[in-house]
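What the coordinates show
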Amino acid sequence: MTIHLPDDPARSDVLAAHPTLWVNSAYRPGAIEDETLPIRPEMVDEAQANWKRLAPLLETCFPELEATGGAIRSDLVELQALREVLGYAAPEFGRVFIKADSALPVAGSIKARGGVYEVFLFAEQLARKEGLLNPGDDIRRLAEADAKAFFSRYTIAVGSTGNLGLSVGIAARALGFKATVHMSSDAKAWKVERLTKLGVEVVQHEADYTIAVENARIVAERDPTIYFVDDEQSQHLFLGYSVAAYELAEQLKARGIVVDADHPLFLYLPCGIGGAPGGATYGAKKVFGNHVHCFFVEPVQSPCALVHLMSGSQELVSVYDVGLTNKTEADGMAVARMSAFVATVMRNMLAGVFTVADEDLLRWLLLAHETQDIRLEPSATASLAGPQFLVKHPQGRAFCENQGIQSYLTQATHIAWTTGGSFVPQEQFDAFLKQAAAL
Ligand SMILES: *Cc1c(COP(=O)(O)O)cnc(C)c1O
């Protein structure tokens, strides 16, 4: 299929694989109220309640969660030295933070919010259905030997470019499940190795992410003992991610940072299939209303959310359909076709998408390490380009004018969501630094 993208100021840059910003002309800051969407804002509260109920079990399975009582949380870190070297020193950039999901416990990436949530929720539901967990029972009972033996009769399966497989594999094995991860050809060797060590079966496909998921789904459909975590359709994953917005709201409040009509909030979220950034966006819209504006970021060769949303098509449009290659070092974002479910929810809710070049990802990886000792993987650094696009790019300025927030930029808050990195082995990290230094 060949698709002709509509006339748009960003179109020629997108097709030429040049970094750019696309502003969504269908954006409505209040779109979360749309009652035709497949999910409702109350579902974020339900997910929050689920996380709370699961927390004692999480704490039992993962001792590193003791300090937070079983909550999987990340820090909000203000850019200081890094702010200077990125060119964000001027007052027009307001305050700039990272939401450091790169250091999330359990899985070392934002996938801890989605994959771990869905696996633990499934375990609880299965245990209730099969009479292993009765009303009033302590949920920590699911970490005992007989529960593990029971769970070992089931397999959790997932398709992944890497990090979702890691988080699902780690969560599944912690409860005693068998686990199978279908990896795309983009998957990094160290992620495969780490999973194999945990006793996870890794099936490597000589194909892209969409095909890997397709294969996993077909295998799972034939076998009732396989539970498939479906990254293209799962509402559980999406809602697991969405709860991050409550955590962020608490952290902003603790710093005395106001979000209102005169103090806009901007989130920059790396996007693969769209579940993680979409969930975070949905939660942020519920919590901060019209005063938050969310942008996805994608590699110049893999802008699947950008091309699909820009096309305005009801049918999913992939990056191949517009002549791009889906080749990138940023494995977390190497996805050619976004989730149809997320596309529906984001259609009017997402402010826009910007794109980044692989060389810049490596450069920022090096800068973040040198200035503030932050360990990021290439995908995670992409969000750092956000303030530049919003404040300086012609389409970013036009966006601020249209939204009537141009004169409030000095009191705005920008948050670059750094989605992964702390699990990258030293050797691999050194290789990234070397590549960056050679640029
Ligand atoms: C998964 C991932 C993303 C994107 O999340 P999607 O749900 O695929 O859109 C971004 N960065 C990193 C590091 C990831 O692991």
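Residues numbered from 1 in each chain as written. Predicted model: local features only at pLDDT ≥ 70, side-chain atom pairs only at ≥ 80, totals over all residues. Heavy atoms only, no water.

**So, the pairing of strand β10 (residues 352-356)**
Applied cut-off: Exposure classes here rest on a 1.4 Å probe applied to the protein chains alone. A residue is buried below 20% of its type maximum, exposed above 50%, and partly exposed in between. Only DSSP runs of H or I covering at least 4 residues are called helices, and only runs of E covering at least 2 are called strands; the numbering of each starts at the N terminus. Strand pairing follows a simple DSSP-based rule, namely that at least 2 bridges must link the two strands.
With 5 of its 5 residues buried, β10 lies for the most part within the structure. Bridging between strand β1 (residues 21-23) and β10 involves 3 bridges; their strand directions are antiparallel. The partner of L21 across the bridge, within β10, is F354. Pairing geometry for strand β9 (residues 292-299) and β10, over 5 bridges, is parallel. Bridge assignment links E298 to a residue of β10, and that residue is T355.

**Side note on the packing of helix α9 (residues 235-242) against helix α11 (residues 275-288)**
Rule in force here: To define axes, lines are fitted to C-alpha atoms, for helices over the stretch in contact only, and angles between the resulting N-to-C directions are given on a 0 to 180 degree scale. The scheme is simple: roughly parallel for angles under 35 degrees, roughly antiparallel for over 145, roughly perpendicular for 65 to 115, oblique for anything else. Handedness of a helix crossing follows the sense of rotation of the near helix relative to the far helix, less than a right angle counterclockwise being left-handed and clockwise being right-handed. By the convention used here, residues are in contact when the closest approach between their heavy atoms is within 4.5 Å.
The contact between α9 and α11 brings their axes to 7 Å, and the two run at 55°. Judged on the interaxial angle alone, α11 and α9 are oblique. In the crossing of α9 with α11, the sense of the turn from one axis to the other is right-handed. Contacts between α9 and α11 involve F238, Y241 and S242 from the former and G275, A276, G278, G279, A280, Y282 and G283 from the latter.

**Some points on unusual backbone geometry**
The residue A17 is not glycine, and still its phi comes out positive at about 60°. If you trace the backbone, A17 turns up in the loop between α1 (11-15) and β1. Overall, the relative accessible area of 17% leaves A17 in the buried class. The phi torsion at V106 lies on the positive side, around 75°, for a residue other than glycine. Residue position: V106 is located in the loop between β3 (95-99) and α4 (111-129).

**Observations regarding the site of the ligand**
Applicable threshold: Residues are classed as near a molecule or strand on a simple rule: at least one heavy atom within 4 Å of it. N or O atoms closer than or at 3.5 Å make up a polar contact, with two conditions inside protein: a donor-capable atom paired with an acceptor-capable one, and, for residues adjacent in sequence, both atoms drawn from side chains. The nonpolar class holds Ala, Val, Leu, Ile, Met, Phe, Trp, Tyr, Cys and Pro. Asp, Glu, Lys and Arg form the charged class, and all remaining residues, Gly among them, are polar.
The environment of the ligand is made up of 15 residues, and the closest members are K111, N163, G272, G274 and T419. Contact distances for the ligand include 3.0 Å between an oxygen atom and a backbone N or O atom of I273. Between the ligand and A276 there is a distance of 2.8 Å, counted from an oxygen atom to a backbone nitrogen or oxygen. In terms of residue count, α11 provides more of the shell around the ligand than any other element does, 3 residues in total. Considered class by class, the residues forming the shell around the ligand number 5 nonpolar, 8 polar and 2 charged.

**Points about the packing of aromatic side chains**
Both the distance between ring centres and the angle between the ring planes are used here to describe each pair of aromatic rings. The line we're drawing: Aromatic pairs are defined between Phe, Tyr and Trp rings, using the six-membered ring for Trp, whenever the two ring centres lie within 6.5 Å; interplanar angles under 30 degrees are classed as stacked, those over 60 as edge-to-face, and all others as tilted. As a reminder, the over-ring test applies to NZ of lysine and CZ of arginine, requiring each to be within 6 Å of the ring centre and within 35 degrees of the ring normal.
Under the counting rule described, the total for this entry stands at 15 aromatic pairs. Looking at R194, its charged tip hangs above the ring of F423, at a distance of 4.1 Å from the centre. Positioned above the aromatic ring of F429 is the side chain of R375, whose terminal nitrogen or guanidinium carbon lies 4.4 Å from the ring centre.

**Some details on the packing of helix α2 (residues 42-61) against α9**
Interaxial distance between α2 and α9 falls to 9 Å at its minimum, and their mutual angle equals 80°. Here α9 runs roughly perpendicular to α2, going by the angle between their axes. Facing α2, whose interface residues are M43, V44, A47 and W51, α9 presents Q235, L239, G240 and S242.

**Here's the deal with the sheet that holds strand β7 (residues 226-229)**
Ordered by their spatial adjacency, 4 strands build an open sheet running β6-β5-β4-β7, and the pairing between neighbours is parallel. At either end of the open sheet lies a strand with only one pairing partner, and these are β6 (201-204) and β7. The sheet shows a mean angle of 20° between the axes of neighbouring strands, direction not considered. As paired elements, strand β5 (residues 178-183) and β6 share 4 bridges and run parallel to each other. Bridge pairing links V181 to V202 in β6.

**Overview of the domain arrangement of the protein chain**
Which entries qualify depends on this criterion: Marked domain ranges trace back to an automatic or database domain assignment. Note on definitions: buried area is the accessible-area loss of two parts on being combined, 1.4 Å probe, summed for both. Here, a salt bridge means any Lys or Arg side-chain nitrogen found within 4 Å of an Asp or Glu carboxyl oxygen.
Along its sequence, the protein chain is carved into domain 1 (11-60 + 73-107 + 242-438) and domain 2 (111-236). Distance between the C-alpha centres of domain 1 and domain 2: 26 Å. The partner domain 2 presents 31 residues to the 40 residues of domain 1 that form the contact. Between domain 1 and domain 2, a total of about 3200 Å² is buried, with carbon and sulfur atoms accounting for 61% of that surface. At the junction of domain 1 with domain 2, the criterion picks out 7 salt bridges. For K191, the salt bridge goes to D331, with nearest N and O atoms at 2.8 Å. Across the contact surface, domain 1 and domain 2 share 12 residue pairs in polar contact (both at pLDDT 80 or more). No other element matches the 10 residues that α2 contributes to the side of domain 1 that touches domain 2.

**Digging into the nonpolar core**
Convention followed: What makes a nonpolar core is a set of buried Ala, Val, Leu, Ile, Met, Phe, Trp, Tyr and Cys residues whose side-chain atoms join them at distances within 4.5 Å.
Counting 128 residues, the largest nonpolar core has F120, F151, F177 and L267 as the members making the most contacts within it. At 10 residues, the largest contribution of residues to this core is made by α4. Among the domains, domain 1 (11-60 + 73-107 + 242-438) and domain 2 (111-236) are the pair contributing at least three residues each to this core. The contacts of F177, once residues within four sequence positions are left out, are V119, F122, A123, L126, F151, S152, Y154, I156 and A172. Core analysis: the next-biggest nonpolar cluster, separate from the first, contains 37 residues, L21, M333, I374 and V391 among them.

**Let's talk about the pattern of salt bridges**
Across all of its chains, the model carries 21 salt bridges by this definition. The shortest N-O distance in the salt bridge between R217 and E214 comes to 3.6 Å. Of this pair, R217 and E214 both sit in helix α8 (residues 209-221), 3 residues apart, roughly one helical turn. Here R217 makes a salt bridge to D230, at a shortest N to O gap of 3.0 Å. Taken as a pair, R217 in helix α8 and D230 in the loop between β7 and α9 lie far apart in primary sequence, 13 residues in all. You can call R217 buried: its relative accessible area is 13%. Overall, D230 belongs to the buried group, its relative accessible area being 10%.

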